[in-house]
Each structure stands twice: as structure tokens, then as C-alpha cells.
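Fold and geometry: a report
Residues per chain, in single letters:
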Amino acid sequence: MATNLRFIAALTLLVVFSAPVWSARALVTTAAKSGVRCGPSAEYARLTVLPPQVRLWAIGREGSWYQVKLAENLVGWVQNSDVRELGTDVTLRTARLTDISVTSQNNGVTRVTFFLNDRVAFRIRQSVFPSQLKVDLFRCAAAQNGLKQFPGTSTVRPNLPQQMATDWVEVTLDLQNVHQTGYQAYFSQAGHLIVDIKPPFASASVAGKRIAIDPGHGGMDSGAVGPTRYREKDANLAISQILKRELMAAGAEAVLTRETDKAVGPGSPAGAELEARVAKSKGADPDLFISVHNNAVGSGSAATAYGTETYYWTPMSQLLAAKIQQELVAALGTRDRFVGWQRFYVLRETDCPRVLVECAFISHPEEEVKLKDAGFQARAARGIIAGIQAYLAAAVQPPTVSPAVPGLDLLSSSLIGPEG
Ligand SMILES: [Zn+2]
């Protein structure tokens, strides 16, 4: 009996000490982009995407995912390959947002700086009507309302920080320009969050604009292949090269992600190719980005699927997609299928309006024949340019919906306190 009791006691101890004991701990993001998702798998939607060096508080773990607390009642999940654990002695406190400054940069960019004492998780939501960027700062509280608007920055008007929860601050930036042209968010060396907002287009002409063109696929990746073996990568490159020539003839600068039948990236893994295209296009600091593709379906429905589609992801890209779709269909005489909102890899960046065109269906017997034709390829390129021109004409129009903000004088006098 005594032996049995000792055995049971030992077993109990074993169970207690082998049970997974997991304590909350601090993490820091290490990947170029760390997605924070709604659940512990890549299937879940993203709450936000973070740059490196953001500090997160992990409260649980499941498989290769950490559950992180963004704010009260707001948790997300990050993949362990995107983060590194900090020492167990590191605890994260609620960070303080002390000041916000709006300054004018040499290149026409308006810079909003959020002065923070920690690199906290954040999220930026863009809207077009009204034209705004909503900046959420998590694990953060507004310490004071020090808001300084410097000369030459009247196109970007921050509202007072709103405390959404004890550890969640939202700052809405009202933008005078209805047609946004791009922004970038990152942490400065000093650990402050910077949001650089590009100026509106100064003219409706393509002359002087820098257009990044991405001929889809290439090298080992043929893309879709038509019924007579015509390859999508060849059609994409042919159209893109005409596009480049014609844009340059119109006084624009055109930058191709690939000039020949070669991959842009190192070859593997598959995702690295798209990453390389994004890096190359972003490096050119373009005004607009156009990825050129052609569509395909399985052979079962090849005869019935035909026509043109244009895709966008960021709200500011919707108008460009709509105008290109309209002009491309007019130039090609193809069926107007739809303008689509889809999270294609090359469309996710916020540096400029970005669209992806599917000129025609290479899987459709008649459209494949057309795609091989140099005249059709040239019409596709001209349709895209006509779309760009129609977009620019609309983008430089005075705003039809003005942001509901008080006048600048009122704004600055009411926001800058005694210390300001
Ligand atoms: Zn494609």
C-alpha cells in the first residue's frame, strides 16, 4: 500500500512538472515584414504588418505561433520565424506618445513623426472618402497633446490623439488631397514612428512621371501557357516593352522589373521572386506601378473565359485600376470582366498606387492568337497609357469632397498647449 501511494505521488509530481508551463514574455520582430494575424495560421486575415524591431508582448503559444497582446481585448498571432524572444526578465510597459510633429521634407513629402519611448506595434488604415490615414498605436497611451504643425504642411492635418483603450491610441491624419499618391511608415533610429506622405501630383501629364512596369513571370516561370503553347511571360514582356517605349516617348521615365526573359530574384524560394520585384520597383521610387499579366483558366472552361480584368489592393489604387480597365477594354475591344480587389503580393505596398492588369485570356483560343499579334500588344500598351492619363487627369482635379476639418489657424491654436 505504502509503495502504491509513493508511486501515485511520484506520478502526480511527474504530471505536474511535465505539464507545459508557459509564461508571458517579450518578443521583437526580426523579419522585414511580420504579419500579425487573427489566428495561429497563415489562413487567418492580417490585423497589421510590422517592420523589424517592434516589441510585442506574447501571452501564449500554439504550434509555431505566438499569441500577442496588442491592446486590451485585442490579440493577434505572429509566426515564430518572424520574431525573436527577449530575455524572460524583460517586461513591456505601456509606451508613451509624447508629441506629434508635421514637417515638410525637401522632396515635397510631408513627414508626420510620432514621438514614442518604445517601438510599439501599429496599424495604418487608408481611406479615400474622406481622404485619411488612421494610425493606431498599440500598447501606447497619449502622455500629452503636444502637436506641432510646421510651415508648408497644410495638406496633412493630424487630429488630436484619441485614447481608444488604456493602451491604444488612434491618430487620424486628414489629407487635403483626395487622390493619395503614397505613404511609407517606419521607425527612425531614435525609435519614433515616421509616416512619410507623398505630395499630390503636380500635373496631369505623364511627362516627368516615373512609372514602374512589372512584366509578370519570366525565366523558368512561363506563367500560363496557351492552347498553341504561347507563353504568358512572352506576351507580358512584349506588352511591357512597348509600354516602356511609348511612355518614354511621352516624356515619362519607365522602369521595368525585368528587361529580358529572366527571373528578377535569386530563383528560390518561390516567394523571393515577388519580393525581388517589389524591392526593385520600390527602389525606383515610382509614381505608379503597373504589373502586366495575361489570364488563364483550366482547359475545361478555356473556351468560355475571355476578356480583361484589372486588380488593385490599397484604396488609393482603385481609381487607377478603374481608369486602366476602362481604357484597356476600349483599346482592345475585349469583354469588360471586372475591376478586382485582391491581395496580390506586388500590390500590397503603400509607396504609390499599384495595379495588376490581366489584358486577355491566353487560355482562350482566339485571345491567344490576338496576344501573339504585335498590333494587339501595342493596343494593350496604349490602352494602359490612356488609362494612366485618364487617372492623372482625375487625380489632379480639385477635391470634390473636402475633409471635415477646421481651418488650419483654429487647428494649430487649439492643439498647441501652453508648452507649444
Ligand atoms: Zn500571370
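Everything below is about the structure printed above this text.
My aim in this report is to walk through the structure given alongside it, one point at a time. Note that the coordinates shown come from a computational prediction; the quantities given were computed from them, not determined experimentally. (Residues numbered from 1 in each chain as written. Predicted model: local features only at pLDDT ≥ 70, side-chain atom pairs only at ≥ 80, totals over all residues. Heavy atoms only, no water.)

1. Side note on the coordination of the zinc ion
The protein atoms that coordinate the zinc ion are His217 (NE2), Glu232 (OE) and His293 (ND1), at distances spanning 2.1 to 2.2 Å. Donor residues for the zinc ion sit on one chain with the sequence pattern H-x14-E-x60-H. One end of the pair, His217, is in the loop between strand E18 (210–215) and helix H2 (232–249); the other, Glu232, is in helix H2, with 15 residues separating them in the sequence. On the basis of relative accessible area, Glu232 is assigned to the buried category, the value being 3%. (Donors = N, O, S within 2.8 Å, 3.2 Å for Na, K, Ca; no water. Helix = DSSP H or I, 4+ residues; strand = E, 2+ residues; numbered from the N terminus. Buried < 20%, exposed > 50% of the residue type's maximum accessible area, 1.4 Å probe, protein only.)

2. What about the pairing of strand E20 (residues 288–295)?
Most of E20 sits out of view: eight of its eight residues are buried. Side chains Leu288, Ile290, Val292 and Asn294 project from E20 onto one buried face, and the interleaved Phe289, Ser291, His293 and Asn295 project onto a second face that is buried too. For E18 and E20, the ladder comprises five bridges, and the chain directions are parallel. Paired with Ile213 across the strands is Ile290, a residue of E20. Of the strand pairs in this sheet, E20 and strand E23 (residues 354–361) are connected by six bridges, and their pairing is parallel. Within E23, the position partnered with Ser291 by the bridge is Leu356. (Pairing = 2+ DSSP bridges.)

3. With respect to the sheet that holds E20
Here we have six strands laid out as an open sheet, ordered E19-E18-E20-E23-E21-E22, and mixed in their pairing. A strand with exactly one partner marks an edge of an open sheet, and here the two such strands are strand E19 (253–256) and strand E22 (336–341). Geometrically, the sheet is characterised by an average inter-axis angle of 20 degrees between neighbouring strands, direction not taken into account. Against the sheet, helix H4 (residues 318–332) touches E20, strand E21 (308–312), E22 and E23, its axis set at about 165 degrees to E21. Against the sheet, helix H6 (residues 374–395) touches E18, E20 and E23, its axis set at about 145 degrees to E20. (Axes fitted to C-alpha atoms, helices over the stretch in contact; angles between N-to-C directions. Contact = heavy atoms within 4.5 Å.)

4. Here's the deal with the packing of aromatic side chains
One pass over the structure, following the stated rule, counts seven aromatic pairs. Between Tyr311 and Phe344, the ring centres sit 5.1 Å apart and the planes meet at 85 degrees, which makes this aromatic pair edge-to-face. Placement of Tyr311 in strand E21 and of Phe344 in the loop between E22 and E23 is noted, with a sequence separation of 33 residues between them. Judged by its relative accessible area of 9%, Tyr311 falls in the buried class. Between Trp313 and Trp341, the aromatic rings sit 4.5 Å apart at their centres with planes inclined by 10 degrees, giving stacked as the arrangement. In this pair, Trp313 is assigned in the loop between E21 and H4 and Trp341 in strand E22, connecting sequence segments 28 residues apart. (Phe/Tyr/Trp six-rings, centres within 6.5 Å; stacked < 30°, edge-to-face > 60°.)

5. With respect to unusual backbone geometry
Put simply, Phe129 and Pro130 share a cis peptide bond, and its omega is -5 degrees. Among the secondary structure elements, Pro130 is positioned in the loop between strand E10 (122–127) and strand E11 (132–138). A positive phi angle, close to 75 degrees, is found at Gln53, a residue other than glycine. Within the secondary structure, Gln53 is located in the loop between strand E3 (46–50) and strand E4 (55–62). By relative accessible area, which is 45% here, Gln53 ends up partly exposed. Even without being a glycine, Asn73 presents a positive backbone phi close to 60 degrees. Residue Asn73 is classed as exposed on the basis of its relative accessible area, which comes to 83%.

6. Quick notes on the pattern of salt bridges
Under the definition given, this model contains 21 salt bridges. The shortest N-O distance in the salt bridge between Glu253 and Arg210 comes to 3.2 Å. Note that Glu253 is positioned in strand E19 and Arg210 in strand E18, a separation of 43 residues in sequence. Given the relative accessible area of 25%, Arg210 is considered partly exposed. The partner of Glu273 in a salt bridge is Arg277, with the nearest N and O atoms 2.8 Å apart. Here Arg277 and Glu273 lie together in helix H3 (residues 270–283), a separation of four residues that amounts to about one turn. The exposure class of Glu273 is buried, given its relative accessible area of 15%. Judged by its relative accessible area of 2%, Arg277 is buried. Among the ionic contacts, a cluster of salt bridges with common partners joins Arg123, Arg125, Lys134, Asp136 and Glu170. (Salt bridge = Lys/Arg side-chain N within 4 Å of Asp/Glu carboxyl O.)

7. Looking at the packing of H4 against H6
Contact geometry of H4 with H6 gives a least axis separation of 7 Å together with a crossing angle of 140 degrees. Remark: the crossing between H4 and H6 carries right-handed chirality. Contact residues: Leu319, Leu320, Lys323, Ile324, Glu327, Leu328, Ala331 and Leu332 in H4; Phe376, Arg379, Ala380, Gly383, Ile384, Ala386, Gly387, Ile388, Ala390, Tyr391 and Ala394 in H6. The class makeup of the residues in the contact of H4 with H6 is 14 nonpolar, two polar and three charged. (Left-handed = near helix turned anticlockwise from the far one by under 90°. Nonpolar A, V, L, I, M, F, W, Y, C, P; charged D, E, K, R; others polar.)

8. A look at the nonpolar core
Ranked by internal contacts, the top residues of the largest apolar core, which has 43 residues, are Leu56, Phe114, Leu137 and Leu173. The element best represented in this core is strand E15 (residues 168–175), accounting for five residues. Each of domain 1 (22–85) and domain 2 (95–200 + 401–415) accounts for three or more of the residues forming this core. In contact with Leu56, other than residues within four places in its own chain, are Arg25, Ala26, Leu27, Thr29, Leu50, Val68, Leu70, Val78, Val83, Leu92 and Ala121. Formed by 39 residues, the second largest nonpolar core is a distinct cluster that contains Ile211, Tyr312, Leu320 and Tyr391. (Core = buried A, V, L, I, M, F, W, Y, C linked by side-chain atoms within 4.5 Å. Domains from an automatic or database assignment.)

9. Description of the environment of Ala381
When you line up the elements, Ala381 lands in helix H6. Residue class for Ala381 comes out buried when judged on its relative accessible area of 0%. Each residue touching Ala381, except ones within four places of it in the same chain, is listed here: Ile239, Ile242 and Leu243.

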